[in-house]
Amino acid sequence: MSQYEITYIVRPLLEDPVVDEVAAHFAEVAKQNGGEDIGAERMGKKRLAYEIQKLREGHYVCMKFKGGAACADEIMRQMRLHENVLRALVIRV
C-alpha cells in the first residue's frame, strides 16, 4: 500500500456545500476500492493559470489516502467521468 495525493479542480459555479458533496463522493470511491486513512482538504477558490473549458477560476481540493495503484486508477477514472471536475493530478508520496 502506498500513500497517494490527488489534487483536483471543481467548477467555480458550484456552491460550497456541493463542493463538499463532490469531495465526499470521491472519498467514498476511495473507500470502496480499498483506500484507507482518507482525508480531503479544501484549498479554496483560486484563479487558474490558464482557461479550462472557458473558466478562469476553480475550487481546489486535495485528497490524501493510502491504497493500491488500482484504487488510485479507479478514482482518476471516476474523476475523468465526473462533469464537475475540470482537472485532476495524482502523485504517489
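Look up: the structure comes first, before these words.
Residues numbered from 1 in each chain as written. Predicted model: local features only at pLDDT ≥ 70, side-chain atom pairs only at ≥ 80, totals over all residues. Heavy atoms only, no water.

(A) How the structure looks around the side chain of His 59. Here His 59 lies in strand β3 (residues 55–67). Note on His 59: relative accessible area 4%, which makes it buried. A polar side-chain atom of His 59 sits 3.2 Å from the main-chain carbonyl oxygen of Leu 14. Here His 59 is in contact with Tyr 8, Ile 9, Val 10, Arg 11, Pro 12, Leu 14, Asp 16, Val 19, Arg 42, Gly 44 and Lys 45, once residues within four sequence places are set aside. (Helix = DSSP H or I, 4+ residues; strand = E, 2+ residues; numbered from the N terminus. Buried < 20%, exposed > 50% of the residue type's maximum accessible area, 1.4 Å probe, protein only. Polar contact = N/O pair within 3.5 Å; in protein donor to acceptor, adjacent residues only side chain to side chain. Contact = heavy atoms within 4.5 Å.)

(B) The arrangement of the sheet that holds strand β1 (residues 2–10) in detail. Within the open sheet, the four strands sit side by side as β2-β3-β1-β4. Their pairing is antiparallel. The open sheet has two free edges, formed respectively by β2 (36–52) and β4 (85–92), since each of these has just one partner strand. Averaged over all pairs of adjacent strands, the angle between strand axes in this sheet comes to 20 degrees, irrespective of strand direction. The sheet contact formed by β2 and β3 spans 10 bridges and is antiparallel. Each residue of the ladder has a partner; that of Lys 46, found in β3, is Gly 58. (Pairing = 2+ DSSP bridges. Axes fitted to C-alpha atoms, helices over the stretch in contact; angles between N-to-C directions.)

(C) Representation of the pattern of salt bridges in the model. A complete count under the given rule lists six salt bridges for this structure. Of the charged contacts, one joins Arg 42 and Asp 20 as a salt bridge, the two residues approaching to 3.5 Å between their closest N and O atoms. Here Arg 42, found in strand β2, pairs with Asp 20, found in helix α1 (residues 16–32); they are 22 residues apart in sequence, far enough to count as distant. Note on Asp 20: relative accessible area 39%, which makes it partly exposed. For Glu 57, the salt bridge goes to Lys 45, with nearest N and O atoms at 3.8 Å. Of this pair, Glu 57 sits in strand β3 while Lys 45 sits in strand β2; the two residues are 12 residues apart in sequence, bridging distant segments of the chain. Exposure remark for Lys 45: the relative accessible area of 45% places this residue in the partly exposed category. Through salt bridges that share partners, Asp 16, Asp 20 and Arg 42 make up one connected network. (Salt bridge = Lys/Arg side-chain N within 4 Å of Asp/Glu carboxyl O.)

(D) Up close: the nonpolar core. Ranked by internal contacts, the top residues of the largest apolar core, which has 20 residues, are Ile 6, Tyr 8, Met 63, Phe 65, Ile 75 and Met 79. At the level of secondary structure, the elements contributing two or more residues to this core comprise β1, α1, β3 and α2 (69–81). Residue contributions to this core peak at six residues, all from α1. In this structure Met 63 touches Tyr 4, Glu 5, Ile 6, Tyr 8, Phe 26, Ala 27, Ala 30, Ile 38, Gly 39, Ala 40 and Ile 75, once residues within four positions along its chain are discounted. Counting residues in each nonpolar core, the second largest holds six residues, with Ile 9, Ile 52, Leu 55 and Leu 86 among its members. (Core = buried A, V, L, I, M, F, W, Y, C linked by side-chain atoms within 4.5 Å.)

By themselves these figures say nothing about function.
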